[in-house]
Amino acid sequence: MDAYADDIEKVLIKADEIQAKLVEMGEQITRDYEGRKLLLIGVLKGAFVVMADLSRALTIHCRMDWMAVSSYGSGSQSSGVVRILKDLSTDVTGLHVLLVEDIIDTGLTLSYLVSNLRSRGPASLNVLTVFRKPEAARNPVDITYVGFDIPNEFVVGYGLDYDGLYRNLTSVGALSPHVYS
Ligand code: IMP
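Residues numbered from 1 in each chain as written. Predicted model: local features only at pLDDT ≥ 70, side-chain atom pairs only at ≥ 80, totals over all residues. Heavy atoms only, no water.

So, on to the overall build of the protein. Broken down by element type, the protein carries 4 helices and 9 strands. Ordering the α and β elements of the protein from the N terminus gives β-α-β-α-β-β-β-α-β-β-β-β-α. Rg of the C-alpha trace for the protein: 16 Å, near the compact-globule value of 16 Å for 181 residues, within the 12% margin. Here the C-alpha coordinates of the protein stretch approximately 50 × 35 × 30 Å along the principal axes. (Helix = DSSP H or I, 4+ residues; strand = E, 2+ residues; numbered from the N terminus. Rg over C-alpha atoms; globule rule 2.2 N^0.38 Å.)

Right, here's the structure in full:
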């Protein structure tokens, strides 16, 4: 029985397309970080899926650590005021940091994280996101690796949730209206 069958109105990006993109990004990152001390930082909760796939697409050594943040705001709107719920257990000084995000919407959360991490003195700091929405273009933060530019609609799957559900869906899709009501 497929628990998603009635809940997903349309699939935007299929599981095999996402996997192919992760392999491609992994090969690029392997080339870019050859010979460097790489630390992947995943932003919980959503990035656990991309971290698992991306890290296994790399053929260089990497360390992994996690941050959890919550954005103050009304409803689903990000405010840019961010609270750190879980901080790193790694000292990033001198490390080449790649911040791994599932999705960038307004980019406000990302802006905060980038300036916070930069102040800790990494050797370099780049950002990867699997999905990026058009709003992100208004934000000045550079994103080095982008998987897919997607339309401005709410999506779930591949780590992205609605009310804590759908993170384990292997493709990414838009929810049927009946789920919200
Ligand atoms: P930003 O600060 O507006 O870029 O918000 C980014 C965060 O909002 C992401 O890390 C997600 O947790 C959440 N988010 C934004 N868009 C979506 C979506 O379409 N589905 C699920 N979560 C989303």
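Right, picking up where we left off after that structure.
Moving on, we come to the nonpolar core. Membership of the largest hydrophobic core comes to 27 residues, with the highest contact counts inside it found for Ile 29, Val 50, Leu 98, Leu 128, Phe 131 and Tyr 158. Secondary-structure elements contributing two or more residues to this core are α1 (15-32), β2 (38-44), α2 (48-56), β5 (96-104), β6 (124-132) and β7 (145-149). (Core = buried A, V, L, I, M, F, W, Y, C linked by side-chain atoms within 4.5 Å. Buried < 20%, exposed > 50% of the residue type's maximum accessible area, 1.4 Å probe, protein only.)

As a further point, take the packing of α1 against α2. Their axes nearest at 8 Å, the elements α1 and α2 cross at an angle of 55 degrees. Classified by the interaxial angle, the pair formed by α1 and α2 is oblique. By crossing handedness, the relation of α1 to α2 is classed as right-handed. Residues Gln 19, Leu 22, Gly 26 and Ile 29 of α1 touch α2, and the partners they reach there are Val 50, Asp 53 and Leu 54. Residue classes in the contact of α1 with α2 are distributed as 4 nonpolar, 2 polar and 1 charged. (Axes fitted to C-alpha atoms, helices over the stretch in contact; angles between N-to-C directions. Parallel < 35°, antiparallel > 145°, perpendicular 65-115°, else oblique. Left-handed = near helix turned anticlockwise from the far one by under 90°. Contact = heavy atoms within 4.5 Å. Nonpolar A, V, L, I, M, F, W, Y, C, P; charged D, E, K, R; others polar.)

This next bit is on the pattern of salt bridges. Applying the stated criterion to the full structure yields 7 salt bridges. One salt bridge in this structure joins Asp 65 and Lys 86, with 4.0 Å as the shortest N-O distance. Remark: Lys 86 occurs in strand β4 (residues 81-86) and Asp 65 occurs in strand β3 (residues 63-72); sequence separation between them is 21 residues. According to the relative accessible area criterion, Asp 65 is buried, its value standing at 4%. Notably, a salt bridge pairs Asp 161 with Arg 167, separated by 3.5 Å at the nearest N-O pair. For Asp 161, a relative accessible area of 25% translates into the label partly exposed. (Salt bridge = Lys/Arg side-chain N within 4 Å of Asp/Glu carboxyl O.)

Our focus in this paragraph is the sheet that holds strand β9 (residues 172-175). Here we have 3 strands laid out as an open sheet, ordered β1-β9-β8, and antiparallel in their pairing. Two strands close off the open sheet at either side, each with one partner strand: β1 (8-13) and β8 (155-156). (Pairing = 2+ DSSP bridges.)

Okay, the pairing of β6 next. For β6, the tally of buried residues reaches 7 of 9 residues, placing the bulk of the element in the interior. Across 8 bridges, β5 lies against β6 in parallel orientation. Within β6, the residue paired with Leu 98 across the bridge is Asn 126. As a crossover connection, the stretch from β5 through helix α3 (residues 108-118) into β6 is right-handed. (Right-handed = clockwise from strand over helix to strand, strands pointing away.)

What follows is about the site of the ligand. Taken together, 16 residues lie around the ligand, and Thr 106, Gly 107, Thr 109, Lys 133 and Val 155 are the ones closest in. Separating an oxygen atom of the ligand from a backbone N or O atom of Gly 107 is a distance of 2.8 Å. Contact between the ligand and Lys 133: an oxygen atom at 2.8 Å from a side-chain N or O atom of the residue. Here the ligand loses 81% of its free accessible area of 500 Å² to cover by the protein chains. (Near = heavy atom within 4 Å. Polar contact = N/O pair within 3.5 Å; in protein donor to acceptor, adjacent residues only side chain to side chain. Areas by Shrake-Rupley, 256 points an atom, 1.4 Å probe, with all protein chains shown as cover.)

A separate point is the environment of Glu 17. Relative to the assigned elements, Glu 17 resides in helix α1. The exposure class of Glu 17 is partly exposed, given its relative accessible area of 37%. When the C-alpha positions of Glu 17 and Thr 129 are compared, they lie 15 Å apart, and in sequence the two are 112 residues distant.

With that settled, consider the side chain of Thr 129. You can see Thr 129 is positioned in strand β6. Look at Thr 129 and you get buried, because its relative accessible area is 0%. Excluding residues that lie within four positions of it along the chain, Thr 129 makes contacts with Met 25, Glu 101, Asp 102, Ile 103, Ile 104, Ile 143, Tyr 145, Val 146 and Gly 147.

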